[in-house]
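# A structural walkthrough
Here are the chains, one letter per residue:
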Amino acid sequence: MKKMLVFLLCVMSSAGYCSDWYGNASVDQKDKLHSKTNEFHNVVAFTIGKKLDNGWSVEGLVEEELVKNGSSGQANEGLYQLRLNKQFKTDTIFQPYMGVATGVKNKATIGFPIYRYDIGTRVKLTDSLTGRINWRHRQAFHETTDSHPTKYNTDETRLSLIYNVTKTDAVTLSYAQERNNDGLSSEYNTLGISYSKHF
C-alpha cells in the first residue's frame, strides 16, 4: 500500500497538483475461463490523471490483484503503469480516443515490463448517461523472464455504462472479455464497477 501511495503522489507531482486532474477507484472480478480449479481474480485499481491541452491527458495506475485458485490457496499480483491519452472532439454523440501505456507487471514469482495500447469511443446517450466501448492490446516486452513464460499477451473488449451523478462525479459499470493471442496467456470474463472524481 505504501508503494501504491508513493507512486500516485509521484504522478500527481509530475503532472502538477492543480485543477484539471482526476481520480478513479475500481474493483474488477475476473473469472478465468477453462479453469479446472475455479480460479478467479479480484482486482482493486487506483488511477490519478491530469488533463493537458488539446485533448491530451497523462495518468498513473496501480493495481493490487488477489488470485484465488480453488483449494490451492491464493497469491498476490500487481501492476504499475503510466499512460498517455488523446481524445478527439467531434460534433456528434461520439467522442473517440486512443492511448498508449507502459509499466511493470508483478506476478507471484516474476516481474516484467509490459506495454499496451487502446482505442475506443464514448457515446453520449443522455445528459447523465454515457456508453463506452474500449479495445486494448496488452503484452510483455519479452516472452520469457528468468526462463519463465510471461503469459501476458491478450486483447480485451470492454463495454461500459457511465452514470454522471454530478458534473464531477461518476459511477461506471462494465463487462469485459479478455482473450489470448499466443495460446499461453489466460482468458477471462470480467465484471467491474468504478467511481471517478474530476476537479
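Everything in this summary refers to the structure shown in the same document. If you're wondering where the values come from, they're calculated on a predicted model, not measured in any experiment.

Turning to the pairing of strand E12 (residues 188-198), a few remarks are in order. Relative to E12, strand E1 (residues 21-32) runs antiparallel, the two being bridged by eleven bridges. In the strand pairing of E12, Asp28 is matched with Gly192. Where strand E11 (residues 169-180) lies against E12, ten bridges are found, and the strand directions are antiparallel. Looking across to E12, one finds that Gln177 is bridged to Asn189.

Look at His34: it is not a glycine, yet its phi comes out positive at around 60°. Among the secondary structure elements, His34 is positioned in the loop between E1 and strand E2 (40-51). His34 sits in the exposed class, given a relative accessible area of 70%.

Turning our attention to the packing of aromatic side chains. Taken as a whole and assessed by the stated rule, the structure comprises four aromatic pairs. Between Phe112 and Tyr152, the aromatic rings sit 5.6 Å apart at their centres with planes inclined by 70°, giving edge-to-face as the arrangement. Of this pair, Phe112 sits in strand E6 (residues 111-124) while Tyr152 is found in the loop between strand E9 (148-149) and strand E10 (153-164), placing the two residues 40 residues apart along the sequence. Phe112 gets classed as buried once you look at its relative accessible area, which sits at 2%. By relative accessible area, which is 10% here, Tyr152 ends up buried. Looking at Lys30, its charged tip hangs above the ring of Tyr188, at a distance of 4.4 Å from the centre. Directly above the ring of Phe199 sits Lys197, whose terminal nitrogen or CZ lies 5.7 Å from the centroid.

In this structure, strand E5 (residues 94-106) lies alongside E6, joined through 13 bridges in antiparallel fashion. Residue Met98 lies in a different strand from E6, and its bridge partner there is Ile119. Taking the residues that link successive antiparallel strands as the turn, the E5-E6 hairpin has four residues. Direction of pairing for E6 relative to strand E7 (residues 129-140): antiparallel, over a ladder of eleven bridges. Residue pairing across strands places Lys124 opposite Thr130, the latter belonging to E7.

This brings us to the sheet that holds E1. Backbone hydrogen bonds hold the strands of a sheet together, and the pairing may be parallel or antiparallel. With respect to topology, ten strands assemble into a closed barrel ordered E1-E2-E3-E4-E5-E6-E7-E10-E11-E12, the strand pairing being antiparallel. Here the average twist between neighbouring strands, direction ignored, is 20°.

Calculation rules
- Residues numbered from 1 in each chain as written.
- Predicted model: local features only at pLDDT ≥ 70, side-chain atom pairs only at ≥ 80, totals over all residues.
- Heavy atoms only, no water.
- Pairing = 2+ DSSP bridges.
- Helix = DSSP H or I, 4+ residues; strand = E, 2+ residues; numbered from the N terminus.
- Buried < 20%, exposed > 50% of the residue type's maximum accessible area, 1.4 Å probe, protein only.
- Phe/Tyr/Trp six-rings, centres within 6.5 Å; stacked < 30°, edge-to-face > 60°.
- Lys NZ or Arg CZ within 6 Å of the ring centre and 35° of its normal.
- Axes fitted to C-alpha atoms, helices over the stretch in contact; angles between N-to-C directions.

Spatial relationships are all this shows, so hold off on functional conclusions.
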